[in-house]
Amino acid sequence: MTGRRALFLDRDGVVNEDLGYVHRIEDFHFRPGIFELCRAARGLGMALVVVTNQSGIGRGMYSEEDFAALTAWMCARFAQEGAALDRVEHCPDVAPSRRRKPAPGMILDAAAALELDVAASVMVGDRRTDMAAAKAAGVGLRLLFPNDIVEVSDNCPRTIIFPVGSSLALAISFLSAGSGKSS
Ligand SMILES: [Mg+2]
């Protein structure tokens, strides 16, 4: 497959601190290094794509409109930081579905819309489900920045795992090595 490389990002726990079902601007705190990482990816010509499970919508904790408002604010902040996002995919489902991670649907849909080279792309997540979705989609390089050590297990084959609490900027040096075959 040819196309543009992408940096796929989970949202809660990667873009922002995972406080649980974040849906208000006042609860949205960007994680250390996220803008540096995204600027570096853009510098390499990579697309920036957020893929986020939002079962809080399906659970009735907040609405699609709440999510859209927060996403608009988030996208504006990325743009201000010189790291404009190309796409945000979200899944409101509570039950397992084609798009809800660990399924690969959100990644595949973004890849089709933006004509991305998935195998040459990179996924950054904080949970095993992020890594599983990326693996199922065929994302060539998977980087796990766990916020909880329980997310680290043998279920993360061929995944680079960073110490709990690491700055996302540590991923920068891996971006240019993202091309290659998936496994
Ligand atoms: Mg997460």
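Going along each chain's sequence as written, the residues are numbered from 1 onward. In keeping with the predicted nature of the model, local features appear solely for residues at pLDDT of at least 70, side-chain atom pairs appear and are counted solely at 80 or more, and the whole-chain, interface and lining totals rest on all residues.

Enquirer: Which parts of the structure should I look at to understand the overall build of the protein?
Expert: Along the backbone of the protein there are six helices and six strands. Numbering goes from the N terminus for both helices and strands, where a helix is a DSSP run of H or I of at least four residues and a strand is a run of E of at least two. Reading the protein from its N terminus to its C terminus gives the helix and strand order β-α-β-α-α-β-α-β-α-β-β-α. A compact globule built from 183 residues should have a C-alpha radius of gyration of about 16 Å, and the protein, at 15 Å, falls within 12% of that. If one aligns the C-alpha atoms of the protein with their principal axes, the spans along those axes are about 40 × 35 × 35 Å. Here the C-beta atoms are placed from the backbone, and a residue counts as buried if at least 20 other C-beta atoms lie within 10 Å of its own, exposed if 12 or fewer do, and partly exposed otherwise. With 183 residues in all, the protein has 39% of them scored as buried. Any residue pair is listed as a contact if its two C-beta atoms, each placed from the backbone, are within 7 Å. For the protein, the proportion of contacts with a sequence separation of at least 24, taken over those separated by at least 6, is 65%. The size measure is the radius of gyration over C-alpha atoms, and the globule rule it meets is 2.2 Å times the number of residues to the 0.38 power.

Enquirer: Whenever I open this one, the environment of Arg 59 confuses me. Can you help?
Expert: Tracing the chain through its elements places Arg 59 in the loop between α2 (55–58) and α3 (64–80). A residue is classified by how many C-beta atoms lie within 10 Å of it, and Arg 59, with 11 of them, is exposed. For the pair Arg 59 and Thr 71, spaced 12 residues apart in the sequence, the C-alpha separation amounts to 19 Å.

Enquirer: Please explain the pairing of strand β2 (residues 47–53) as it appears in this structure.
Expert: Every regular strand shows the same layout, with side chains that alternate between the two sheet faces. In terms of residue burial, β2 counts as a mostly covered element, since seven of its seven residues are buried. Covered by surrounding structure in β2 are Ala 47, Val 49, Val 51 and Asn 53 together with Leu 48, Val 50 and Thr 52, the residues of both alternating faces. A strand pair is defined by DSSP finding two or more bridges across the two strands. Direction of pairing for strand β1 (residues 6–9) relative to β2: parallel, over a ladder of four bridges. When the sheet's bridge partners are listed, Leu 9 is paired in β2 with Val 50. In this fold, β1 hands off to helix α1 (residues 34–43), which returns the chain to β2; that crossover is right-handed. Note on handedness: a clockwise path from strand one over the helix to strand two, with the strands aimed away from the viewer, defines a right-handed crossover.

Enquirer: How should I be thinking about unusual backbone geometry in this particular structure?
Expert: Going from Lys 101 to Pro 102, the amide bond is cis rather than trans, its omega being 20°. Inspection of the secondary structure puts Pro 102 in the loop between β3 (87–91) and α4 (105–114). For Tyr 21, which is not glycine, the phi dihedral falls at a positive 50°. The residue Tyr 21 is located in the loop between β1 and α1 in this model. Notably, Glu 115 is not glycine yet its phi reads approximately 55°, a positive angle. Mapped onto the elements of the fold, Glu 115 is located in the loop between α4 and β4 (122–125).

Enquirer: Looking at this structure, how should I read the nonpolar core?
Expert: Within soluble globular proteins, side chains that are nonpolar generally end up buried alongside one another. Grouped together as the largest cluster of nonpolar side chains are 44 residues, with contacts concentrated most on Leu 7, Phe 8, Ile 107 and Val 124. Of all the secondary-structure elements, those providing two or more residues to this core are β1, α1, β2, β3, α4, β4, α5 (128–137) and β5 (141–144). Broken down by element, this core gets its largest block of residues, five residues, from β2. Those residues within four positions of Phe 8 in sequence are excluded, and the remaining contacts are Val 49, Val 51, Ile 107, Ser 121, Val 122, Met 123, Ala 134 and Val 139. Joining buried Ala, Val, Leu, Ile, Met, Phe, Trp, Tyr and Cys residues through C-beta atoms within 7 Å gives a set, and that set is a nonpolar core.

Enquirer: Help me out: how do you make sense of the sheet that holds β3 in this one?
Expert: Read across the sheet, six strands follow the order β3-β2-β1-β4-β5-β6 without closing on themselves; strand pairing throughout is parallel. Edge strands, defined here as strands with exactly one partner in the open sheet, are β3 and β6 (159–161). If you compare each strand with its neighbour and ignore which way they point, the axes differ by 20° on average. Pairing geometry for β1 and β4, over three bridges, is parallel. Its bridge partner lying in β4, Phe 8 is registered against Met 123. In this analysis an axis means a line fitted to C-alpha atoms, helices contributing only their contacting stretch, and an angle means the value between N-to-C directions, from 0 to 180 degrees.

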